[in-house]
Amino acid sequence: MPTSTYTSLATITLTGTDSEIVFSNIPSTYRDLILVANAGGSGSQAVKMKLNGATSGYSFVTMWGAGAAAQTAAYATEAAANAGFGASIGTSLDWSLVAQIMDYSATDKHKTILARIGRGSGATEATVSRYASTSAVTSVSLYIVSNDFISGSTFSLYGVIA
Amino acid sequence: MPFGLGFFATAGAGGAAGSFDLLETQVLGSSAASVTFSSLSTYASTYQHLQLRYVARATTSGNLQQVWMQVNADTGSNYRGHVLRGTGSSVVSGSVAQGGTVDVGMVTGATSASGNFGAGVIDLLDAFETSKYKVARNLTGATDGNQLELRSWLWMNTNALTQITLNPFGDSFVTGSRFSLYGWKAA
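Only a predicted model underlies this, so the values are computations on that prediction, with no experimental measurement involved. (Residues numbered from 1 in each chain as written. Chains lettered and ligands numbered in written order. Predicted model: local features only at pLDDT ≥ 70, side-chain atom pairs only at ≥ 80, totals over all residues. Heavy atoms only, no water.)

### Observations regarding the pattern of salt bridges
Oppositely charged side chains can form a pair if their charged atoms are brought close together. Under the convention used in this document: When a carboxyl oxygen of Asp or Glu lies within 4 Å of a side-chain nitrogen of Lys or Arg, that pair is called a salt bridge. Each helix is a run of DSSP H or I of at least 4 residues and each strand a run of E of at least 2, with the numbering of both proceeding from the N terminus. Relative accessible area decides the class of each residue, using a 1.4 Å probe on protein chains only: under 20% of the type maximum gives buried, over 50% gives exposed, and in between gives partly exposed.
Summed over all chains, the structure comprises 14 salt bridges over all chains. Put simply, A:Asp32 and B:Arg178 hold a salt bridge, and the shortest N to O gap is 2.5 Å. You can see A:Asp32 sitting in strand β4 (residues 32–39) and its partner B:Arg178 sitting in strand β12 (residues 178–185), one on each of two chains. Taken as a pair, A:Asp32 and B:Arg178 share a single burial class, namely buried.

### Some points on the sheet that holds strand β6 (residues 58–65) of chain A
Sheet strands line up and pair through hydrogen bonds in the backbone, either parallel or antiparallel. Residues and elements named next belong to chain A. Note the cut-off: At least two bridges found by DSSP between two strands are what make those strands a pair. Between N-to-C directions, angles span 0 to 180 degrees; the directions come from axes that are lines fitted to C-alpha atoms, helices contributing only their stretch in contact.
Here eight strands make up an open sheet; going across it, the order is β2-β13-β4-β9-β10-β11-β6-β7 and the pairing antiparallel. Lying at the two open borders of the sheet, with one neighbouring strand each, are β2 (7–13) and β7 (71–78). Neighbouring strand axes in the sheet, compared pairwise and without regard to direction, differ in orientation by 15° on average. As paired elements, β4 and strand β9 (residues 95–102) share seven bridges and run antiparallel to each other. The residue bridging Ala39 from the neighbouring strand is Trp95, located in β9.

### Considering the pairing of strand β6 (residues 91–99) of chain B
Residues and elements named next belong to chain B. Alignment of strand β5 (residues 79–86) against β6, held across seven bridges, turns out to be antiparallel. When the bridges of β6 are listed, His82 appears paired with Ser95. What sits between the antiparallel neighbours β5 and β6 is a turn of four residues, in which Gly88 has the positive phi angle 95°.

### With respect to the packing of aromatic side chains
All names here are of chain B. Put simply, the test is: Stacked, tilted and edge-to-face are the three classes applied to pairs of Phe, Tyr and Trp rings, where Trp contributes its six-membered ring and a pair requires centres within 6.5 Å; stacked means planes under 30 degrees apart, edge-to-face means over 60, and tilted covers the rest.
A full pass over the atoms with the stated rule returns 14 aromatic pairs over all chains. Taking 5.1 Å as the distance between ring centres and 10° as the angle between the ring planes, the aromatic pair formed by Phe20 and Tyr182 counts as stacked. Here the residue Phe20 occupies a position in strand β1 (residues 20–27), and Tyr182 occupies one in strand β12, the gap between them amounting to 162 residues. Each member of the pair, Phe20 as well as Tyr182, is classed as buried.

### A closer look at the sheet that holds strand β5 (residues 47–51) of chain A
Residue and element names in this part refer to chain A. Spatially, β3-β12-β5-β8 is the arrangement adopted by the four strands of the open sheet, whose pairing is antiparallel. In this open sheet, the two strands that pair with only one neighbour each are β3 (20–23) and β8 (81–82). Here β5 runs beside strand β12 (residues 140–144); their pairing, made up of five bridges, is antiparallel. For Met49, the partnering residue across the bridge sits in β12 and is Leu142.

Right under this line is the structure:
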């Protein structure tokens, strides 16, 4: 029997600056999470994602294009997942992210994140990250390296059942 | 000082009917040579597009394994595809020649770290239209082997979809692999 899904869980809209956006107390009811963001930063820098506040155990592969030859990079031991490496955030509200956090509540799998990132005045990027933990994800956070998110930035979290 | 604004609205699945529905899920309780979603004509009158979300691993020796997708049990040379792939060291584009087995994505293999499963989100557009060939696109990837792909897939047949089969190129998907089929409603 078909079941309606893609549930809006929470939305954060900044009215000031914030150094880190945190969605916490995420229930295990769903199978995948989808994080959608449209934001700007106080400086142009990479954007990172943490699961459960963990600061180790991440790896990622990414590819991006900024108008010259397409580029790619891979990192095996990182302090966060990738949420904008080639397509880093800028100082206008023109950076976007759609990240699929797959099987986030599964306790038999590492956590895989598939994301598309873009900044019209910067680059377009696709990336896959892994958090090498079988713990269920109960919090998701985003931050900009050495900068803050600016007022008007929006972040929405959705849950998809399976 | 950093501070979080995390808060949660009351979580609620279901409720008022939306436009995106879970149709079927398969979570493997034992390894399987392929995964099939059949009797899709059941959904034809309600849904316009399909989405297949998977988190899976194969018995393949190695870090990674490609997955091909066939539909309606058609094994004929009626498929094509393209890929844009990033490996961390190079970006390559590829054209998959017309054939009976065309990659649609990837999963991890037996050599990959325990617990590491590859993932993909496959959109199949206008799945039940009888005036168009069937098209799909996928964002798929895995670390351990470092492969990230944007894929396009084509079935050169205008028949409405009745069946979707995923196969890790002759190997098997392992226990715990998950495949979920969703439908987007037409207006």
